[in-house]
Amino acid sequence: MNTFFQQLVNGLTIGGIYALIALGYTMVYGVMKLINFAHGDLVALAAYIGLTIFMKVGTSSSGLSILLIVLIGTIMIIVFAGMMLELIAYRPLRNAGAPRLSAVVSALGASMVLENGMMLLWGPNLKIFPSNILPSSTWSIGGVIISSAQFFIIVSSLVFMLLLHLFINKTKLGTAIRAAAIDQEAAQLMGINVNRVIVTIFVLGSGLAAIGGIFVGIYYREVYFNMGWLYGLNAFVAAIVGGIGNIPGAMLGGILLGVFNAFISGYVSSSWSEAFTFILLIGILIFRPTGILGERVAEKV
Amino acid sequence: MDNDRLLIVEDVEVSYGNIQAVKGISFDVRKGEIVAILGANGAGKTTTLRAISGLHKIEKGSIRYKSFEITSVPAYKIVSIGISHAPEGRRIFGTLNVRENILLGAYTMQSIDDERLHWVYSLFPRLQERQNQLAGTLSGGEQQMLAIARALMSKPEMLLLDEPSLGLAPILVKTIFNVIKEINNAGVSVLLVEQNARLALQLADRAYVLEVGKIAISGSTKDLLSSTKVQEAYLGKKSNR
Ligand SMILES: Nc1ncnc2c1ncn2[C@@H]1O[C@H](COP(=O)(O)OP(=O)(O)OP(=O)(O)O)[C@@H](O)[C@H]1O
Ligand SMILES: [Mg+2]
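Everything numeric in this text was worked out from a predicted model, so none of it was measured. (Residues numbered from 1 in each chain as written. Chains lettered and ligands numbered in written order. Predicted model: local features only at pLDDT ≥ 70, side-chain atom pairs only at ≥ 80, totals over all residues. Heavy atoms only, no water.)

Of the regular secondary structure elements, chain B holds ten helices and ten strands. Computed over its C-alpha atoms, the radius of gyration of chain B comes to 18 Å, within 12% of the 18 Å expected for a compact globule of 241 residues. For chain B, the residues scored as buried account for 54% of the 241 residues in total. Across chain B, every contact between residues at least 6 apart in sequence was considered, and the portion connecting residues at least 24 apart equals 67%. Within the structure as shown, chain B displays about 10600 Å² of accessible surface, and the carbon and sulfur contribution to it stands at 48%. Taking the average place of the 29 positive charges on the side chains of chain B and the average place of its 25 negative ones, the gap between the two points comes to 4 Å. (Helix = DSSP H or I, 4+ residues; strand = E, 2+ residues; numbered from the N terminus. Rg over C-alpha atoms; globule rule 2.2 N^0.38 Å. Buried < 20%, exposed > 50% of the residue type's maximum accessible area, 1.4 Å probe, protein only. Contact = heavy atoms within 4.5 Å. Areas by Shrake-Rupley, 256 points an atom, 1.4 Å probe, with all protein chains shown as cover. Lys, Arg positive; Asp, Glu negative; His and termini not counted. Charge placed at Lys NZ, Arg CZ, Asp CG, Glu CD.)

Put into structure tokens, the structure is as follows:
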């Protein structure tokens, strides 16, 4: 029973991170019908940037204010990078009316540029993320051990998801995003500037990726230039499991996949967890291709 | 008088790839008018409306609204100029609820005008009852009402309607056409694309008949209703020559 709750806590931690990253994939897909393959690399970049900022400001002291500086600084830089990605890699193709495949190739190209850029800047070797960015206390509740990092990651992932949910569902710009995801032309007829919507989703997605990247650093404590693929792929699978294009689906898919991975690691073996992830993916694609929450209300024409 | 003319379309040509769908048409809509564009399937009616609202780039010609050249204005700016488009196939946002759809119609407004909202709901009381229902679950007729309601929220001076009667039961078509008349009486000029020529000719002041991308016949609806050619081709009447 202890293993169960312990793996649940571990799974919620990883799941929260997956969910934050998955939201970026799903929002971009929702509006642009494009898989932004460079999204995972923004996660890796965020971990490097976070590490770099921490090395500058926080080596001697730690505490909440340092953590906030690291988070806010990283978010700002990654959001800027995400906007540049959209402006350089995607918008020109859209304006030229290029076919969808071109955008996919551009996404892959952007991913390679980012990975090689990170390798040039920070080198090919693994870097260790500092452990003192959060207090290293742990709690034991009935034999289940929760570290302060886990607690922090679980709670703040949920908070950021809630904030995104409120933004998407309760604000005018959020409604415009949902409208553009359903029908870009009709959205334009409402006066919605679709380019502005797209920039907004890149800002939101990159901001969440930045937070995800810092959390990856805090939790796994390793940073390497091509780790974006690993986390990106898992988050992408999570987005598909939840129903790609569906925002609550990405949240649910992320958390479910994290918990699923943790249980496989706990009860089978951690070396099998990736294999099982793909078995899950294939199962979902066979039995529920639209994902768990991906079913749309039929539109009568 | 030129400043009576709200919309002026001049020698407009539109193509899809190599296929020219609209082959140089000119027409205008004056303030307060209902103008109908009639024609068979594929005549280029929808393409014409899409060109006006900027959804499709035109190859040649010019489109002016009031004194603005709107030929290359991007689609999302058209509505704030005063032209609202209820497109073919309704294109409502199916996974948003009715109220969200209606409020999106006022996206360019600083705030929602309650008076306008009341007016729109008074035109379509059924929508008010169904405010919280997902738009995709509305009946076809209700979806058409929603498309028109949504288009009115930006307080347009000119309304483009693309086949509002398509697929509706005759009784509902009557209702929708009465509402169009009411909207027009409130001062909104209407450019109405229709295949239901008889009803459109009864409602509109003037009409243009499109045939494969060209204007074949035009004139006041009174004249068109009595023209043998129109009767034979579009109103299904046999002449007794
Ligand atoms: N996206 C497109 N790609 C290629 N050709 C198109 C496209 N849209 C329309 N066309 C062609 O342009 C011509 C005019 O089409 P349009 O939709 O304007 O006709 P319409 O008069 O609205 O017909 P309907 O009454 O059936 O709606 C048709 O020949 C059509 O096949
Ligand atoms: Mg049409």
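Additional details are given in the paragraphs that follow.
With that settled, the discussion passes to the coordination of the magnesium ion (ligand 2). All names here are of chain B. For the magnesium ion (ligand 2), every protein donor is listed as Thr 46 (OG1) and Glu 88 (OE), and the spread of their distances is 1.9 to 2.2 Å. With Thr 46 in helix 1 (residues 45–52) and Glu 88 in the loop between strand 6 (83–86) and helix 3 (98–104), the pair connects residues that are 42 residues apart, well separated along the chain. Under the relative-accessibility criterion, Glu 88 is labelled partly exposed at 34%. (Donors = N, O, S within 2.8 Å, 3.2 Å for Na, K, Ca; no water.)

All names here are of chain B. Pairing is mixed in the open sheet, where six strands are placed in the order 6-7-8-3-9-10. Lying at the two open borders of the sheet, with one neighbouring strand each, are strand 6 and strand 10 (214–220). Averaged over neighbouring strand pairs, the angle between their axes works out to 15 degrees when direction is ignored. Bridge count between strand 6 and strand 7 (residues 158–162): four bridges; the pairing is parallel. Across the sheet, the residue bridging to Ala 86 is Leu 161, located in strand 7. (Pairing = 2+ DSSP bridges. Axes fitted to C-alpha atoms, helices over the stretch in contact; angles between N-to-C directions.)

Burial of nonpolar side chains together is a common tendency in soluble globular proteins. If you look at the biggest cluster of nonpolar residues, it comprises 95 residues, and the most contacted ones within it are Leu 23, Ile 192 and Ile 218 of chain A. Excluding its chain neighbours within four sequence positions, the residues that come into contact with Ile 218 of chain A are Leu 67, Phe 129, Ile 133, Leu 134, Ala 149 and Ile 153 of chain A. Core analysis: the second largest hydrophobic core is formed by 49 residues, Ile 34, Ala 147, Leu 152 and Leu 199 of chain B among them. (Core = buried A, V, L, I, M, F, W, Y, C linked by side-chain atoms within 4.5 Å.)

Our focus in this paragraph is the side chain of Ser 154 of chain B. On the secondary structure map, Ser 154 of chain B appears in the loop between helix 6 (140–152) and strand 7. Other than its neighbours up to four places away in sequence, Ser 154 of chain B contacts Val 79, Ser 84, Gly 105, Thr 108 and Met 109 of chain B.

Looking now at the pairing of strand 8 (residues 189–194) of chain B. All names here are of chain B. Most of strand 8 sits inside the fold, with six of its six residues counted as buried. Because side chains alternate across strand 8, one face comprises the buried residues Ser 189, Leu 191 and Val 193, and the other comprises Val 190, Leu 192 and Glu 194, equally buried. Direction of pairing for strand 3 (residues 34–39) relative to strand 8: parallel, over a ladder of five bridges. Looking at strand 8, one finds that Val 35 is bridged to Leu 191. Bridging between strand 7 and strand 8 involves five bridges; their strand directions are parallel.

All names here are of chain B. Helix length check: helix 7 (residues 170–185), at 16 residues, gives a terminal C-alpha distance of 23 Å against a target of 22 Å (1.5 Å per residue), a fit within 8%. Turning to helix 7, its buried residues number three or more, namely Leu 172, Val 173, Ile 176, Phe 177, Val 179, Ile 180, Ile 183 and Asn 184. Projected down its long axis, helix 7 carries its buried residues within an arc of 155 degrees, all on one side. Turned more than 90 degrees off the buried face of helix 7, the exposed positions are Pro 170, Ile 171, Lys 174, Asn 178 and Asn 185. Once helix 7 ends, the next one or two residues include Gly 187, with phi positive near 105 degrees. (Expected span 1.5 Å × (residues − 1). Arc of directions from axis to C-beta.)

The next point concerns the site of ligand 1. Residues and elements named next belong to chain B. Taken together, 13 residues sit near ligand 1, with Asn 41, Lys 45, Thr 46, Thr 47 and Glu 88 positioned nearest. Here Thr 46 contributes a side-chain N or O atom positioned 2.6 Å from an oxygen atom of ligand 1. A distance of 3.1 Å separates an oxygen atom of ligand 1 from a polar atom in the side chain of Glu 163. The residue inventory of the shell around ligand 1, partitioned by class, reads four nonpolar, six polar and three charged. (Near = heavy atom within 4 Å. Polar contact = N/O pair within 3.5 Å; in protein donor to acceptor, adjacent residues only side chain to side chain. Nonpolar A, V, L, I, M, F, W, Y, C, P; charged D, E, K, R; others polar.)

Residue and element names in this part refer to chain A. By secondary structure assignment, the location of Gln 150 is in helix 5 (residues 148–170). Of note is the side chain of Gln 150, whose polar atom sits 3.0 Å from the side chain of Tyr 219. Ignoring sequence-local partners within four residues, the contact set of Gln 150 consists of Val 9, Asn 10, Thr 13, Ile 145 and Tyr 219.

It is worth spelling out the packing of helix 1 (residues 2–32) of chain A against helix 2 (residues 39–57) of chain A at this point. All names here are of chain A. Relative to each other, helix 1 and helix 2 sit at 140 degrees, their axes nearing to 10 Å. With respect to helix 2, the axis of helix 1 lies oblique. Viewed along their axes, helix 1 and helix 2 form a crossing whose handedness is right-handed. Every residue of helix 2 that contacts helix 1 at Ile 21, Gly 24 and Tyr 25 is listed here: His 39, Gly 40 and Val 43. (Parallel < 35°, antiparallel > 145°, perpendicular 65-115°, else oblique. Left-handed = near helix turned anticlockwise from the far one by under 90°.)

As a further point, take the confidence of the model for chain B. Averaged over all residues, the pLDDT of chain B is 94; the fraction at 70 or higher stands at 97%. Listed scores for the predicted complex are pTM 0.92 and ipTM 0.94. (pLDDT = per-residue confidence, 0-100.)

Let us look at a nonpolar patch on the surface. Residue and element names in this part refer to chain A. Taken together, Trp 139, Ile 141, Phe 151, Val 155, Val 159, Leu 162, Leu 163 and Leu 166 make up a surface patch of nonpolar side chains, about 760 Å² in accessible area. For the nonpolar patch, the elements supplying multiple residues, two or more each, are strand 2 (138–141) and helix 5. Per-element accounting of the nonpolar patch gives the leading share, six residues, to helix 5. Mapped onto the elements of the fold, Val 155 is located in helix 5. (Patch = residues over 30% accessible without salt bridge, like charges linked within 9 Å, V, L, I, M, F, W, Y side chains within 5 Å. Salt bridge = Lys/Arg side-chain N within 4 Å of Asp/Glu carboxyl O.)

Okay, the pairing of strand 4 (residues 60–65) of chain B next. If a strand is regular, its side chains alternate between the two faces of the sheet. All names here are of chain B. As paired strands, strand 1 (residues 5–16) and strand 4 are joined by five bridges and run antiparallel to one another. Bridging across to strand 4, Glu 13 finds its partner in Lys 60. The pairing of strand 4 with strand 5 (residues 68–69) spans two bridges and is classified as antiparallel. Across the sheet, residue Arg 64 finds its bridge partner in strand 5, namely Glu 69. Taking the residues that link successive antiparallel strands as the turn, the strand 4-strand 5 hairpin has two residues, and the phi of Lys 66 there is positive, at about 50 degrees.

On to the interface of chain A and chain B. Taken together, the contact pairs 25 residues of chain A with 29 residues of chain B. Of the roughly 2400 Å² buried between chain A and chain B, counting both surfaces, carbon and sulfur atoms make up 61%. The interface formed by chain A and chain B holds four salt bridges in total. Between Arg 50 of chain B and Glu 185 of chain A there is a salt bridge, and its shortest N-O distance comes to 2.8 Å. Counting across the chain A and chain B interface gives seven residue pairs in polar contact (both at pLDDT 80 or more). (Buried area = accessible area lost by both parts, 1.4 Å probe.)

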